[in-house]
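A look at the structure
So the chains spell out like this:
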Amino acid sequence: ALKITASAIVFIFLVPYTASVYNGLSRLFGMAFNIPYKYCVIGMAVFTGIYVILGGYMATAINDFIQGIIMLGGIVAVILAVLNGQGGFIQAIKTMAEIPSDVPVTMGQPGAFTSFFGPDPLNLLGVVILTSLGTWGLPQMVGKFYAIKDEKSINTGTVISTLFAIVISGGCYFLGGFGRLFDAPDEAGNMIFDGIIPHMLSTLPDILIGIVVVLVLSASMSTLASLVLTSSSTLTLDFLKDNVMKDMSEKKQVRTMQVMVVFFIVLSVVIAMDPPTFIAQLMGISWGALAGAFLAPFMYGLYWKGVTRAAVWASFTAGVGITVLNLFFHFIASPINAGAIAMVAGLIVVPVVSVLTPKLKKDRVDEIFACYDEKVTITKKRSLEQN
């Protein structure tokens, strides 16, 4: 029952996240090539479908590596170009410091945008929790660990991924901080939040716009491939197999996954055509439910034998419940903060409920954790004997 519920949560809440990726990518293509938004969305959807169905997991892994290299170089080039367009780093800071303190978001603080935590530290904390803590519990992130081939790869991957995260996420936060220097209003004068970065980049030379398009395309295709593969395989293997469709051969499983890939992409495109809110809030809804449901059971379950079934159900209920109820009743103003609260709630709920509810049978738990005690033969280079 837990597996079936988990697969449903994965499939449902990866849809708004995928729609947000289509949204961002299509807006950028619209800025660069003046292509109507809906054609961009459809084009990206078709491209993703071909790429994932024909290439599968290995194509995704190899492309992730190449795209990661492009992203590292691209983010540095974009930051330098944007700052240069504002007269350099010092001039950009000076311009931000001159933004009037009567702008509502500054809450009357003069020079609020040049302070270390900005004018609204609490909402900034919500964004940091959502985008940093949330990735620990996202199924498409966890799934990548199945591709690790040996211990050496873990050490290498730890160093590379940490440096990558510092450059990419640090660069994105840094670049986003200068978004206040650019306005992207619609015809009625209302701010289009999803248009700020494309508008920021539209001031760059053509060659840099080209680099940016490849950069964002790389990041988006990497994400889209992971999301589509995760959702389709989860729905097929954990929900349809043995529950709806009995005795599925391996060939039939692959075919079913390919059909699910198409279904998932179409569903995401429908939402992306008329998104209910802007990208960051779509992410808040998706990540809040997913990481809110899975982060705590996954993290505690790796290291602690005391996690109970009831605690996992409680985490599922808290993560999805807080996110969905907030969609209808808006008791937390920002979906981003609601997502962050859902994640933190799970980290509190799981140990509390585990202590109060019946434990799993000790023999079964010991059997599950026995893999940690399995004896293996390794070289002296990997392990020194203790006296």
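Residues numbered from 1 in each chain as written. Predicted model: local features only at pLDDT ≥ 70, side-chain atom pairs only at ≥ 80, totals over all residues. Heavy atoms only, no water.

Right, let's get into the overall build of the chain. Along the chain, the regular secondary structure elements total 13 helices and zero strands. Reading the secondary structure of the chain in the N-to-C direction produces α-α-α-α-α-α-α-α-α-α-α-α-α. Since a compact globule built from 387 residues should have a radius of gyration of about 21 Å, the 23 Å found for the chain is in line with a globular shape. Seen through its principal axes, the chain has C-alpha atoms that stretch 65 × 55 × 45 Å. The buried share of the chain, reckoned over its 387 residues, is 41%. Here the chain displays about 21,500 Å² of accessible surface, and carbon together with sulfur accounts for 68% of that area. Of the side-chain charges in the chain, 23 are positive and 22 negative, and the distance between the mean point of each set is 10 Å. (Helix = DSSP H or I, 4+ residues; strand = E, 2+ residues; numbered from the N terminus. Rg over C-alpha atoms; globule rule 2.2 N^0.38 Å. Buried < 20%, exposed > 50% of the residue type's maximum accessible area, 1.4 Å probe, protein only. Areas by Shrake-Rupley, 256 points an atom, 1.4 Å probe, with all protein chains shown as cover. Lys, Arg positive; Asp, Glu negative; His and termini not counted. Charge placed at Lys NZ, Arg CZ, Asp CG, Glu CD.)

With respect to the helices, strands and loops of the structure, Ser7 is situated in helix H1 (residues 2–33). Residue Ser7 is classed as buried on the basis of its relative accessible area, which comes to 1%. In this view, Ser7 contacts Thr234, Asp238 and Phe239; residues no more than four positions away in its chain are not counted. (Contact = heavy atoms within 4.5 Å.)

Take the pattern of salt bridges next. As enumerated under the stated definition, the model contains three salt bridges in all. One salt bridge in this structure joins Lys362 and Asp366, with 2.7 Å as the shortest N-O distance. One end of the pair, Lys362, and the other, Asp366, are both in helix H13 (residues 362–369), four residues apart, so they sit about a helical turn from each other. A relative accessible area of 60% places Lys362 in the exposed class. Taking relative accessible area as the criterion, Asp366 reaches 27% and is therefore assigned partly exposed. Across the pair Glu367 and Arg364 runs a salt bridge, and its minimum N-O distance is 3.6 Å. Linking Glu367 with Arg364, this pair stays in helix H13, spanning three residues, or about one helical turn. Exposure remark for Glu367: the relative accessible area of 55% places this residue in the exposed category. Given a relative accessible area of 45%, Arg364 falls into the partly exposed group. Three or more residues are tied together by salt bridges with common partners; here these are Lys305, Lys362 and Asp366. (Salt bridge = Lys/Arg side-chain N within 4 Å of Asp/Glu carboxyl O.)

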